[in-house]
Amino acid sequence: MLIKSQPYKKMTRMIKDNQQQYFETEEWIELYDTVISTNTNQFKLEHVHDMSYKPLSDRYGFLYLHTNQGVFSYNVAVSPSDFIEAFKQLKE
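Residues numbered from 1 in each chain as written. Predicted model: local features only at pLDDT ≥ 70, side-chain atom pairs only at ≥ 80, totals over all residues. Heavy atoms only, no water.

K.L.:
Before we move on, can you summarise the nonpolar core with the specific residues and values?
P.N.:
When a protein is soluble and globular, its nonpolar side chains tend to lie buried together. With 16 residues, the main nonpolar core has I36, M51 and L63 as its most contacted residues. When contributions to this core are tallied by element, the ones reaching two or more residues are β2 (19-32), β5 (48-55), β6 (61-67), β7 (70-76) and α1 (81-91). Per-element accounting of this core gives the leading share, 4 residues, to α1. When residues no more than four places from it in sequence are discounted, the contact partners of I36 are I29, E30, L31, N41, Q42, F43, L45, V48, M51, L65 and F87. (Core = buried A, V, L, I, M, F, W, Y, C linked by side-chain atoms within 4.5 Å. Buried < 20%, exposed > 50% of the residue type's maximum accessible area, 1.4 Å probe, protein only. Helix = DSSP H or I, 4+ residues; strand = E, 2+ residues; numbered from the N terminus. Contact = heavy atoms within 4.5 Å.)

Written out as structure tokens, the structure is:
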């Protein structure tokens, strides 16, 4: 069952017509009762030790997932405070 979701921005760099171009797409991190899922990764909740957030500017910040596989960062434009709080309540 989906508990909470958080949008994040994925930046892709491409070379087209000999010019470097950047494309931004929106994807979602989804918190379930046993896993955290993204488009490319899935983490068992027991393997996620913590989450933190570092704002970079008025527009963006980084959401960090601290896991047993390392730290994964996600570029977010919307504060993830509700998402982090839902995670912490679930881990209790």
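On we go.
K.L.:
Tell me about the pattern of salt bridges, and name the residues and values.
P.N.:
Summed over all chains, the structure comprises 1 salt bridge. The salt bridge involving E26 is made with K9; its shortest N-O contact spans 3.4 Å. With a gap of 17 residues between them, E26 in strand β2 and K9 in strand β1 (residues 2-16) connect regions that are remote in the sequence. Judged by relative accessible area, E26 falls into the partly exposed class, the value being 45%. (Salt bridge = Lys/Arg side-chain N within 4 Å of Asp/Glu carboxyl O.)

K.L.:
Explain the side chain of N75 residue by residue, including any values.
P.N.:
In this structure, N75 sits in strand β7. A relative accessible area of 19% places N75 in the buried class. The residues touching N75, leaving out its near neighbours within four places in the chain, are Y8, K9, Y60, G61 and F62.

K.L.:
So what's going on with the packing of aromatic side chains? Residues and values would help.
P.N.:
A full pass over the atoms with the stated rule returns 3 aromatic pairs. Ring geometry for Y8 against Y74: centres 5.0 Å apart, planes inclined by 70 degrees, an arrangement best described as edge-to-face. One end of the pair, Y8, is in strand β1; the other, Y74, is in strand β7, with 66 residues separating them in the sequence. We note that Y8, like Y74, is buried. (Phe/Tyr/Trp six-rings, centres within 6.5 Å; stacked < 30°, edge-to-face > 60°.)

K.L.:
How would you sum up the pairing of β6? Please name residues and give values.
P.N.:
Look at any regular strand and the pattern is simple: side chains alternate between the two faces of the sheet. Burial of β6 is one-sided: the residues G61, L63, L65 and T67 facing one way are buried, the residues F62, Y64 and H66 facing the other way are not. With 7 bridges joining them, β5 and β6 adopt antiparallel strand pairing. Looking at β6, one finds that V48 is bridged to T67. Here β5 folds back onto β6 in antiparallel fashion, the turn holding 5 residues. Pairing of β6 with β7 involves 7 bridges; the strand directions are antiparallel. If you follow F62 over to β7, its bridge partner there is N75. Between β6 and β7, which pair antiparallel one after the other, the connecting turn spans 2 residues. (Pairing = 2+ DSSP bridges.)

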